[in-house]
Amino acid sequence: MATVTQIGAARRWSMLALGVFAQASTAVMTNGAPFLLPSLTQRGMSLATAGLLVAMPLAGLCCTLIAWGFIVDRMGERVALVAGPAIMFVTGAAAAAVTNYVALGALLFLAGAAGGSTNGASGRVIVGWFPPNQRGLAMGIRQTAQPLGVAIGAMTIPAVAAAHGFSTAVLVPAAMAGLAAIGCLIGIVDPPRPESAGGAGRPANPYRGDSTLWRIHGVSILLVIPQAAIWTFGLLWLHQDVGLSLAAAGAVVTGTQILGAAGRIGAGIWSDRVGSRLRPLRTVAIAAVISMAALAVASWTQQWWAAVPILVAASVITVADNGLAFTAVAEIAGPFWSGRGLGIQNTGQNLAAAAVAPAFGALITAAGFPSVYLLVALVALAAVPLVPTDSVRRSRTESVPLAPTGSQPPADCGQIRKTCAR
């Protein structure tokens, strides 16, 4: 197996690019499926049925994230990054060929389930090959895969469906997944892992006897609710309450997506500079509280000149925690548990985000947007005291970095008991 010193910087960044592309192909399949709604409804399908159908990829993803994490822990990152996209390609291509809607839903579910492989595996490759002082930046770049995938889906799927039909549009994410499988087969190398402690079996379960990982998962679940609320209802609020045209509102939302992607990278660089993932995470949580409370006040008083800039700021702030928490989980869980840890992380976030639309949609109907923004601010406030401190992290000795680097790890990586052979 290759060691860290045998992998040059160019190879590390190329593996990061492959991981981002693989993750983006999953995002196109799971988050891009709703862009098929116009095509499905034009075929005479009811909106409720069509909505259920396009939700199948995300449902499949949620069901398999932890299972794929187990595969990553036991069999390696390359296996997951090749097998998952390959299965996604096969099932996606099959979905394009069927005419029965039940079969179509089942195949889309399986495609999403296969896409769950890229979440933890791409993160593990980054934490395994990049030194601690570059992981935040690298993970921030990796976290842009979702907005990138959504943008690709928005630009291609509706246009392809309108010009060439529904079946051809389904081939867009399938083709991306096929290319990702080939690229990862050629370009991904599993990062080295330390031997188990003393060679006497795998390290102990990091979830037992310590609440650090559970607290980070809880923080991420709470902080994904403001993010999902803005992404889900921002366009509607700008059009309905603020009075912007749909085109102008869409331009604002698109701009916030781009700024949000940049914000994730900036948060990663920040965490590298300060040598901690947890301190920036707490600051982001506090900023989310302030921005959402300010948005509630501006919306309540109808100060639109302030509300729109606040919405833009909140859109950037509420996504900045994703890469920080993701990196912290991978570093703390260690090389034999981080696959499952990242699976738990993503499962909790996806389930919470899925509940936002129906729950907050009903609240908006009953009480309006300001009430939702205020409630979201309170949810973010609950996350602040849950963020572990660096002193808590330093008290743990079980964590092992996924790859030796010769660099001092961030304070929240814990004391190193044993590192990989250099």
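The coordinates are above.
Described below are features of the structure shown in this document. As the structure is a prediction and not an experimental result, all values here were calculated from the model.

## Some remarks on helix α11 (residues 212-242)
Every α-helix winds through 3.6 residues per turn, so residues three or four apart in the chain are directed the same way.
Right, on to step 1. Helix length check: α11, at 31 residues, gives a terminal C-alpha distance of 41 Å against a target of 45 Å (1.5 Å per residue), a fit within 8%.
Right, on to step 2. The largest bend along α11 reaches roughly 55 degrees and is located at Phe233.
Right, on to step 3. Immediately beyond the C-terminal end of α11, within one or two residues, lies Gly243, with a positive phi of roughly 95 degrees.

## Quick notes on the packing of helix α9 (residues 145-164) against helix α10 (residues 166-187)
Right, on to step 1. The N-to-C vectors of α9 and α10 enclose an angle of 145 degrees; their axes lie 6 Å apart at closest approach. For the element pair α9 and α10, the recorded crossing hand is right-handed. Of the residues in α10, those touching α9 at Ile152, Thr156, Ile157, Val160, Ala161 and His164 are Phe166, Thr168, Ala169, Val172 and Met176.
Right, on to step 2. A class-by-class count of the residues in the contact of α9 with α10 yields 8 nonpolar, 3 polar and no charged.

## What about the environment of Thr144?
Right, on to step 1. Secondary-structure assignment places Thr144 in the loop between α8 (132-142) and α9.
Right, on to step 2. With near-sequence residues (within four places) excluded, Thr144 lies in contact with Ala261 and Ile265.

## Some words on the packing of aromatic side chains
Right, on to step 1. Taken as a whole and assessed by the stated rule, the structure comprises 5 aromatic pairs.
Right, on to step 2. Taking 4.9 Å as the distance between ring centres and 80 degrees as the angle between the ring planes, the aromatic pair formed by Trp13 and Phe130 counts as edge-to-face. You can see Trp13 sitting in helix α1 (residues 9-31) and its partner Phe130 sitting in the loop between α7 (117-129) and α8, a full 117 residues away along the chain.
Right, on to step 3. Using a relative accessible area of 33% as the deciding quantity, one classes Trp13 as partly exposed.
Right, on to step 4. Put simply, the rings of Trp237, Trp304, Phe369 and Tyr373 touch in pairs and so form one group of aromatic residues.
Right, on to step 5. Here Arg340 stacks its cationic end above the ring of Trp337, 3.8 Å away from the centre of that ring.

Parameters and conventions
- Residues numbered from 1 in each chain as written.
- Predicted model: local features only at pLDDT ≥ 70, side-chain atom pairs only at ≥ 80, totals over all residues.
- Heavy atoms only, no water.
- Helix = DSSP H or I, 4+ residues; strand = E, 2+ residues; numbered from the N terminus.
- Expected span 1.5 Å × (residues − 1).
- Bend = angle between axes of the 7 residues up to and from the residue.
- Axes fitted to C-alpha atoms, helices over the stretch in contact; angles between N-to-C directions.
- Left-handed = near helix turned anticlockwise from the far one by under 90°.
- Contact = heavy atoms within 4.5 Å.
- Nonpolar A, V, L, I, M, F, W, Y, C, P; charged D, E, K, R; others polar.
- Phe/Tyr/Trp six-rings, centres within 6.5 Å; stacked < 30°, edge-to-face > 60°.
- Buried < 20%, exposed > 50% of the residue type's maximum accessible area, 1.4 Å probe, protein only.
- Lys NZ or Arg CZ within 6 Å of the ring centre and 35° of its normal.

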